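Topology and contacts: notes
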Amino acid sequence: MASNSSLNSQESNNSSLEVNEPQSYIGPTVNPKTLKRPLTRRLSSAASNIFSFNTRDNDSVDDVSEQEDKSLIQDVANDYFNANDADYVLGAEHPEEHREETRDEENVAPKSEELESVHSYRPQLYSKPLDGITEPETSEPQPQKPVKYKLWDKEFKADRIQIGIKLLSNYAFLLVGFAGALLFYWASYYQRSTRFKHLKMAIVIADRQVGQLPNIVGKTIESYFTDVPSLQQLGKFEIWDYDKVSSLAAEHGHNITQEVYQQVHHAKVWAAFYVYENATLMWNQALSSASTNFDPTHSLMEVVYETGRDYNAVSNYIVTIIQSIVKSYPNFATQSQIVANMLQTVNQTQALTVMSQAPHLVSTIPTFKINDLHPVTNLVFQAPFQIGLIYLVVFGFFQFIFTLKIHMYLASKIKGWSYIFFRILSTQVAYMFISLGMVVLNTAFQLPFNTTFGYSGFLVIWMFSYLLMASLGSIIEVLVIIMFALKPQLIGFVLLFTAVINLAPIISPPVLSPPFYYYGYAVPSRNAYELLHVAYFDAYKGHMGRNIGVLLAWIVASNAVMPFMLKFLAKKKKEADEKKAMDEKG
């Protein structure tokens, strides 16, 4: 009986022990660690899968690992944070014994292993086991904390030297890359004032001798542009006499004024200094009759140009040159005694009558009236026509980055040419939406879109913007793939140099830059820039075919070379794998 009681007491104690035993919190189940490949290796693997044309069932295709389904940001976070050593990540020092240890294979985790994510940390409810309770042995080995050193520790010397060399190499790349980009842009301004003579301007002298009356006004203006040396540095001035301009007008069925305007509108000249037909005769008749209605100040000549032809060039250079010429003319006219010469065309009685009844006819000097055929009065246009077009380069780059993971996944699931077709189609759709956003933004700021093409102008501007976006985006995509294969660290320079190369030809016309910058007529930004001038300002349409053709050529060429660049990327990946396998065997 006592034995039975003792047995019952023992069972009771065991039952109590089982109830009171603390249960360790294991936390969420963590998948086994997998070795995660760098982004470039994953992109290369995707490209390699595209061009592996061997027939195989879907069951044999490797599934994308769980680690690759994570976002790029999470991948970077996992690389830099160690859950089991979180305090060290934040900069806490190691205990003394760790600092005294030397690194060896037992203390340092193998390089091929990857640091655990902060999400794999398993907190325990109890820091140490209770008395009499033995912790169950776990089959999973506990990861060791990485050994850390102070910067100048002897044990860290080898790493310190390697890091220093690597930093110097990075600084060299940064210096060469960014300095090269800045110099590329700044060089377009080198000795710019010496190239103003490349700006073709017409001096149209429609004034001619009538009977015994010489063309005093016309000869004075001609002498101004030919005899003043300082003017020769402000442009390439061509003298068009009455015979030349009248023959051109007759050929096109215009009068002389219409012909002058057409020459400017068709971009034959940047500006035309136009002396009206029979200008001297009109002034002489006003003097003879002592007219009080005739004002010679702006009635005998004008200077004609179009801001809508090239907003940046005309605003920054042509207008400044014209203002300088017009400002210095009165001083020359006074020295040339144009008023005294005109008084000699009337008799003394008529001259006295002018002095008493219409003195304004001889007290003011005729000068040029400013005539901007297509002015741009809305200053908001500075945004889309200066830096705005370059923002599209940035948008094209981000479009590639945003869809990178999607394309990598699809490349592992879809065979060769089906994937290529989808990739091209999806990017073109993305460019359509981005360009639509640009047009809507311009319209929201009350930039008129119906100046040239009426209410269809919205669609026309949208298509022009799409052509620019598609051409720039396709170029960037090809260049980024090449950088992935060669040196991924240089991807940022693709964006920088693409922006600079496309920016230089639109901020200023190529004719004002060194001859090298004539490449601007072949880049997407310059051609889209001219197309948008047509749509927004009713500029000359004669170059639209060339502009659209250049943009389409870039789109077709870039997308045609895309499969070959992906194949090149796959080849580089294969070479890297073979080299790695040989190193492991060795």
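Residues numbered from 1 in each chain as written. Predicted model: local features only at pLDDT ≥ 70, side-chain atom pairs only at ≥ 80, totals over all residues. Heavy atoms only, no water.

- An unreviewed UniProt entry annotates the protein chain as Sng3 membrane transporter of Candida orthopsilosis.

**Here's the deal with the overall build of the protein chain**
- When you go through the protein chain residue by residue, the secondary structure sums to 22 helices and five strands.
- Taking all contacts inside the protein chain whose residues are at least 6 apart in sequence as the whole, residues at least 24 apart take part in 79%.
- If you sum the accessible surface of the protein chain, you get close to 33100 Å²; carbon and sulfur atoms cover 59% of it. (Helix = DSSP H or I, 4+ residues; strand = E, 2+ residues; numbered from the N terminus. Contact = heavy atoms within 4.5 Å. Areas by Shrake-Rupley, 256 points an atom, 1.4 Å probe, with all protein chains shown as cover.)

**Remarks on unusual backbone geometry**
- Despite not being glycine, Gln191 has its phi angle at roughly 50°, a positive value.
- If you trace the backbone, Gln191 turns up in the loop between helix H7 (157–186) and strand S1 (200–205).
- What makes Gln191 partly exposed here is its relative accessible area of 42%.
- Even without glycine at this site, Ala267 takes up a positive phi of about 65°.
- Mapping Ala267 onto the fold places it in the loop between helix H10 (256–265) and strand S3 (271–275). (Buried < 20%, exposed > 50% of the residue type's maximum accessible area, 1.4 Å probe, protein only.)

**Side note on the sheet that holds strand S5 (residues 369–372)**
- Judged by pairing direction, the sheet is mixed, and its five strands sit side by side in the order S2-S1-S3-S4-S5 without closing on themselves. The open sheet is flanked by strand S2 (236–240) and S5, the only strands paired with a single partner. Within the sheet, the average angular offset between the axes of one strand and its neighbour, ignoring direction, is 20°.
- When S1 meets S2, the two strands line up parallel, connected through five bridges. Paired with Met201 across the two strands is Phe237, which belongs to S2.
- Sheet strands in contact with H10 are S1, S2, S3, strand S4 (301–305) and S5, and its direction is about 165° off that of S3. (Pairing = 2+ DSSP bridges. Axes fitted to C-alpha atoms, helices over the stretch in contact; angles between N-to-C directions.)

**Quick word on a nonpolar patch on the surface**
- A cluster of nonpolar side chains, Ile163, Leu167, Leu168, Tyr171, Leu174 and Phe178, forms an exposed patch at the surface whose accessible area comes to about 590 Å².
- Mapped onto the secondary structure, Tyr171 falls in helix H7. (Patch = residues over 30% accessible without salt bridge, like charges linked within 9 Å, V, L, I, M, F, W, Y side chains within 5 Å. Salt bridge = Lys/Arg side-chain N within 4 Å of Asp/Glu carboxyl O.)

**Describing the environment of Val339**
- Along the chain, Val339 turns up in helix H13 (residues 338–343).
- In this structure the C-alpha to C-alpha distance between Val339 and Ile365, which are 26 residues apart in sequence, comes to 7.2 Å.
- In this view, Val339 contacts Trp283, Val362, Thr364 and Ile365; residues no more than four positions away in its chain are not counted.

**Quick word on the confidence of the model for the protein chain**
- On average, residues of the protein chain carry a pLDDT of 78, and 75% of them reach 70 or more.
- The low-confidence segment residues 1–36, where pLDDT is below 50, has 27 contacts with residues more than four positions distant or belonging to other chains. (pLDDT = per-residue confidence, 0-100.)

**Describing the nonpolar core**
- Formed by 63 residues in total, the largest nonpolar core has its most connected members in Phe385, Val480 and Tyr536.
- Among the secondary structure elements, those contributing two or more residues to this core are helix H16 (382–402), helix H17 (404–413), helix H18 (416–444), helix H19 (457–486), helix H20 (491–507), helix H21 (524–537) and helix H22 (544–585).
- Tallying contributions element by element places H19 first for this core, with 17 residues.
- Not counting residues up to four positions away in its chain, the partners in contact with Val480 are Phe397, Phe400, Ile491 and Val494.
- Counting residues in hydrophobic clusters, the runner-up holds 52 residues, among them Leu234, Ala290, Val314 and Val511. (Core = buried A, V, L, I, M, F, W, Y, C linked by side-chain atoms within 4.5 Å.)

**Let's talk about the pairing of S1**
- Judged by how many residues are buried, S1 sits mostly within the fold: five of six residues are covered.
- In this fold, S1 hands off to helix H8 (residues 216–227), which returns the chain to S2; that crossover is right-handed.
- Relative to S3, S1 runs parallel, the two being bridged by five bridges. When the bridges of S3 are listed, Ile205 appears paired with Val275. (Right-handed = clockwise from strand over helix to strand, strands pointing away.)

**Here we look at a negative patch on the surface**
- Together, Glu222, Asp227, Asp241 and Asp243 make up a negatively charged patch on the protein surface.
- With respect to the helices and strands, Asp243 occurs in helix H9 (residues 242–252).
- On the accessibility criterion, Asp243 (55% relative accessible area) is exposed. (Lys, Arg positive; Asp, Glu negative; His and termini not counted. Charge placed at Lys NZ, Arg CZ, Asp CG, Glu CD.)

**Observations regarding the pattern of salt bridges**
- By the definition in use, this model includes seven salt bridges.
- In this structure, the salt-bridge partner of Asp310 is Arg526, at a minimum N-O distance of 2.9 Å. Of this pair, Asp310 sits in the loop between S4 and helix H12 (311–336) while Arg526 sits in helix H21, and the two are 216 residues apart along the sequence.
- Among the ionic contacts, a cluster of salt bridges with common partners joins Asp310, Arg526, Glu530 and Arg546.

**Focus on the packing of H16 against H20**
- Following both chains from N to C, one finds H16 and H20 inclined at 155°, their axes separated by 9 Å at the closest point. Judged by the angle between their axes, H16 and H20 are roughly antiparallel. The hand of the H16/H20 crossing is right-handed. Counting all contacts with H16, which are made through Gln386, Ile387, Leu389, Ile390, Val393, Val394 and Phe397, the residues of H20 involved are Ile491, Leu495, Thr498, Ala499, Asn502, Leu503, Ile506 and Ile507.
- When grouped by side-chain class, the residues that make up the contact of H16 with H20 number 12 nonpolar, three polar and no charged. (Parallel < 35°, antiparallel > 145°, perpendicular 65-115°, else oblique. Left-handed = near helix turned anticlockwise from the far one by under 90°. Nonpolar A, V, L, I, M, F, W, Y, C, P; charged D, E, K, R; others polar.)

**Looking at the packing of H19 against H21**
- Packing of H19 against H21 leaves a shortest axis separation of 9 Å and a crossing angle of 175°. In terms of their interaxial angle, H19 and H21 are classed as roughly antiparallel. Contacts between H19 and H21 involve Ile461, Phe464, Ser465, Leu468, Ser471, Leu472 and Ile475 from the first element and Pro524, Ser525, Ala528, Leu531, Leu532, Ala535 and Tyr536 from the second.

**What about the packing of aromatic side chains?**
- Per the stated rule, a full pass over the model turns up 29 aromatic pairs.
- Seen in terms of ring centroids, Phe398 and Phe402 are 6.2 Å apart; in terms of plane orientation they differ by 90°. Their pairing is edge-to-face. Taken as a pair, Phe398 and Phe402 lie in helix H16 at a separation of four residues, close to a single helical turn.
- Its relative accessible area of 42% is what places Phe398 among the partly exposed residues.
- Plain terms: the ring middles of Phe516 and Tyr519 are 5.5 Å apart, the flat faces sit at 50° to each other, and that makes the pair tilted.
- Note on Phe516: relative accessible area 53%, which makes it exposed.
- Here the aromatic residues Tyr224, Phe225, Phe237, Phe273, Tyr329, Phe332 and Phe368 are joined through ring pairs into a cluster of three or more.
- For the cation-ring pair, Arg192 lies above Tyr189, with the distance from its terminal atom to the ring centre recorded as 4.2 Å.
- Seen from the ring of Trp270, Arg309 lies directly overhead, with NZ or CZ sitting 3.7 Å from the centre. (Phe/Tyr/Trp six-rings, centres within 6.5 Å; stacked < 30°, edge-to-face > 60°. Lys NZ or Arg CZ within 6 Å of the ring centre and 35° of its normal.)

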